[in-house]
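# Inside the fold
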Amino acid sequence: MEKDAKIYIAGHRGMVGSAIHRKLQEKGFTNFVLKTSKELDLRNQQAVADFFENEKPEYVFLAAAKVGGIIANNTYRAVFLYENLSIQNNVIHSSFVNKVKKLMFLGSSCIYPKLAPQPLKEEYLLTGLLEETNEPYAIAKIAGIKMCESYRKQYGCDFISVMPTNLYGPNDNYDLQKSHVMPAMIRKFHEAKLAGNEAVTLWGTGSPMREFLHADDLAEACVFLMENYSEEEFINVGTGTDVTIKELAETVKKVVGFTGELIWDTAKPDGTPRKLMDVSKLHAKGWKHTIALEQGIALAYQDFLVHHDTLRL
Ligand SMILES: NC(=O)c1ccc[n+]([C@@H]2O[C@H](COP(=O)([O-])OP(=O)(O)OC[C@H]3O[C@@H](n4cnc5c(N)ncnc54)[C@H](OP(=O)(O)O)[C@@H]3O)[C@@H](O)[C@H]2O)c1
Ligand SMILES: C[C@@H]1O[C@H](OP(=O)(O)OP(=O)(O)OC[C@H]2O[C@@H](n3cnc4c(=O)[nH]c(N)nc43)[C@H](O)[C@@H]2O)[C@@H](O)[C@H](O)[C@@H]1O
C-alpha cells in the first residue's frame, strides 16, 4: 500500500475499525475515506454502489458488521444474519465493480465447527456443525469468506479474509446485554467496586475456554497482512493461548480491584467449549502479537475509565 493510497475503513468508529485507523495513521498513511452508518448505511445496496463509484477507494478494510456477545447473537438471530450478509455482499461486490486493488474481510473464530479439534486449523472450516447460539452470525461470516474466495477465483480480485479470535480494547461495547465477556467483566467489577457490592454475577459455568487478542495487536496484524498476504485461503489471527472464563474473571477482578465473590448464573449459555486458534500460518508469515493478556486488560480498563462518558454502555 502506497502511503497516499486512498483507504476506506468500513466501521471506522467501532473497536476494530478505529484500531486499524490509528495503526494506519501511526504508519504514515494519510488518505482515508470514512463514513458513519448514519452517513452511509452499508445495508443499502444502491447507496453503497453510489459511494464506491464516487469515491473509488483503492484499499478496503471491511470492519463494519453487526457484532455482539453470546446473548445478543442468540437473541437477534435474524438481524445478525440479514445485516451481516447485506453489508458484506454490498461492500465486496462494489469493490469488485470499482476495481478496488485489495480488500480485507474480517470474519471470526465462530466459523469453526463447535467440536472441532483444537487448536483450530484453517482447514477445519465446514467440517462439522456450528455452535447453536451464534450459527446465523457464523453462516454470514462463512459466506463472506466464500465471497472473497469466489471473487478471487472467478474475477482475479485480490480479496483476503482474516479470522480474528475474541477481541477486546478501546471503543469496545460495554452494554451488558449486548457485549462480549471482557467488557462485561470490566464494567461489572468496576461498578461493583464503586458500589461496595459483595458479589458479581457472571454467565454460564465459567468452564469454557477462550483466547483473547487486544484490538491494537489485531490492527497491526491486519495492516501487516494487507501488505504481506494475498492467498485464497483465509488466515487465523490470535495469540495461540487461551484461559478458562473463570481464570479470566480472576484476572479482570485483580486488575479492576474488586475483592468480592463471583456468582455463576448457569441459566445463561456457555457457548462453544473451546475455540483456540492455530496461529502457525500467521507466525510463519512473520507476525506475532505483543500485548500480554493482563497488560491488555489493564490498558482496556484504563481506556474504560478515561472514555467512560462516550462509550457504548
Ligand atoms: N469484537 C470481537 O470480539 C470480534 C472478534 C472477532 C471478529 N470480530 C470482527 O471484527 C469486525 C469489527 O467488530 P468490532 O468489534 O469492531 O464491532 P463494533 O465495535 O460493534 O463496530 C462495528 C462497526 O460497524 C459499523 N456498522 C454496523 N452496521 C452498519 C451499517 N449498517 N452501515 C455502516 N456501518 C455499520 C458501525 O458503525 P457506526 O459506529 O458508524 O454505527 C460500527 O462502528 C466485525 O467484522 C467482527 O465480526 C470482532
Ligand atoms: C467473538 C464472538 O464471540 C461470541 O461468542 P463467545 O465467545 O461465546 O461470546 P462472549 O459473549 O464473549 O462469551 C464468552 C463466554 O463468557 C461467558 N460469560 C460470563 N459472564 C459473561 C457476561 O457477563 N457477558 C458475556 N457476554 N459473557 C459472559 C459466556 O457465558 C461465554 O461462556 C459469539 O457469540 C460471536 O459470534 C463472536 O464469534
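Residues numbered from 1 in each chain as written. Chains lettered and ligands numbered in written order. Predicted model: local features only at pLDDT ≥ 70, side-chain atom pairs only at ≥ 80, totals over all residues. Heavy atoms only, no water.

Moving on to the site of ligand 1. With respect to spatial proximity, 27 residues lie near ligand 1, and among them Val 16, Ser 37, Tyr 137, Lys 141 and Arg 312 are the closest. Within the backbone of Met 15, an N or O atom sits 2.9 Å from an oxygen atom of ligand 1. Protein chains bury 89% of the 890 Å² of accessible surface belonging to ligand 1 in isolation. Contributions of two or more residues to the shell around ligand 1 are made by helix 1 (15-26), helix 5 (135-155) and strand 6 (166-168). Of the residues belonging to the shell around ligand 1, the class tally is 13 nonpolar, nine polar and five charged. (Near = heavy atom within 4 Å. Polar contact = N/O pair within 3.5 Å; in protein donor to acceptor, adjacent residues only side chain to side chain. Areas by Shrake-Rupley, 256 points an atom, 1.4 Å probe, with all protein chains shown as cover. Helix = DSSP H or I, 4+ residues; strand = E, 2+ residues; numbered from the N terminus. Nonpolar A, V, L, I, M, F, W, Y, C, P; charged D, E, K, R; others polar.)

Right, let's talk about helix 1 for a bit. In this model helix 1 runs 17 Å from its N-terminal to its C-terminal C-alpha over 12 residues, within 8% of the 16 Å that 1.5 Å per residue would give. Among the 12 residues that make up helix 1, nine are buried, leaving the element largely enclosed by the rest of the structure. In this structure, the buried residues of helix 1 make contact with strand 1 (7-10), strand 2 (32-33), strand 3 (59-62), strand 4 (102-106), strand 6 and helix 7 (215-228). Among the residues trailing helix 1, Gly 28 stands out with phi positive, at a value near 95°. (Expected span 1.5 Å × (residues − 1). Buried < 20%, exposed > 50% of the residue type's maximum accessible area, 1.4 Å probe, protein only. Contact = heavy atoms within 4.5 Å.)

Both faces of strand 1 are covered, namely the face carrying Ile 7 and Ile 9 and the face carrying Tyr 8 and Ala 10. Here strand 1 runs beside strand 2; their pairing, made up of two bridges, is parallel. Bridge assignment links Tyr 8 to a residue of strand 2, and that residue is Val 33. For the crossover from strand 1 across helix 1 to strand 2, the handedness is right-handed. Both strand 1 and strand 3 contribute to a ladder of four bridges, which runs parallel. Note on strand 3: the bridge partner recorded for Ala 10 is Leu 62. (Pairing = 2+ DSSP bridges. Right-handed = clockwise from strand over helix to strand, strands pointing away.)

What follows deals with the site of ligand 2. Around ligand 2, the surrounding shell holds 22 residues, and the nearest of these are Val 181, Lys 188, Arg 210, Pro 269 and Asp 270. Asn 73 has a polar side-chain atom sitting 3.1 Å from an oxygen atom of ligand 2. Of all elements in the fold, only helix 3 (70-75), helix 6 (181-195) and strand 7 (199-203) reach the threshold of two or more residues within the shell around ligand 2. For the shell around ligand 2, the element with the highest residue contribution is helix 6, accounting for three residues. Counted by class, the shell around ligand 2 contains 10 nonpolar, eight polar and four charged residues.

At a minimum axis distance of 9 Å, the contact between helix 6 and helix 8 (residues 245-256) shows a crossing angle of 45°. The orientation of helix 6 relative to helix 8 falls into the category oblique. Read as a crossing pair, helix 6 and helix 8 show a hand that is right-handed. Contact with helix 6, carried on its side by Val 181, Met 182, Met 185, Ile 186, Phe 189, His 190 and Lys 193, involves Ile 245, Leu 248, Ala 249, Val 252, Lys 253 and Val 256 of helix 8 and no other residues of that element. Within the contact of helix 6 with helix 8, the residues separate by chemical class into 10 nonpolar, one polar and two charged. (Axes fitted to C-alpha atoms, helices over the stretch in contact; angles between N-to-C directions. Parallel < 35°, antiparallel > 145°, perpendicular 65-115°, else oblique. Left-handed = near helix turned anticlockwise from the far one by under 90°.)

A separate point is unusual backbone geometry. The omega torsion of the bond from Gln 118 to Pro 119 falls at -5°, within 30 degrees of zero and hence cis. Unlike most non-glycine residues, Lys 56 shows phi in positive territory, near 45°. Locating Lys 56 in the fold gives a position in the loop between helix 2 (45-55) and strand 3. Its identity as a non-glycine residue notwithstanding, Leu 126 has a phi of 60°, on the positive side. Residue position: Leu 126 is located in the loop between strand 4 and helix 5. A relative accessible area of 57% places Leu 126 in the exposed class.

Along the chain, the position of Lys 102 falls in strand 4. At a separation of 2.6 Å, a polar atom in the side chain of Lys 102 contacts the main-chain carbonyl oxygen of Tyr 229. Polar contacts involving the side chain of Lys 102 include one to the side chain of Ser 230, which spans 3.0 Å. For Lys 102, the residues in contact, after removing those within four places along its chain, are Glu 58, Tyr 59, Val 60, Asp 158, Ile 160, Leu 225, Met 226, Tyr 229 and Ser 230.

With that settled, the discussion passes to the UniProt feature "binding site: substrate" (unreviewed entry) in the protein chain. When the UniProt feature table is mapped onto this chain numbering, "binding site: substrate" (unreviewed entry) sits at Lys 188, Trp 203, Arg 210 and Asp 270. With respect to the helices and strands, the residue Lys 188 is situated in helix 6. The class for Lys 188 is buried, based on a relative accessible area of 17%. Not counting residues up to four positions away in its chain, the partners in contact with Lys 188 are Leu 176, Val 200, Thr 201, Leu 202 and Trp 203. With residues up to four places along the chain from it excluded, the contact list for Asp 270 reads Ile 70, Gly 204, Thr 205, Gly 206, Ser 207, Pro 208 and Arg 210. (UniProt positions renumbered as here; feature names shortened; annotations may be inferred.)

Taking 1.5 Å per residue as the helical rise, helix 5 with its 21 residues ought to reach 30 Å, and the 29 Å between its terminal C-alpha atoms agrees with that figure. Positioned one or two residues after helix 5, Gly 156 has a phi angle of 75°, which is positive.

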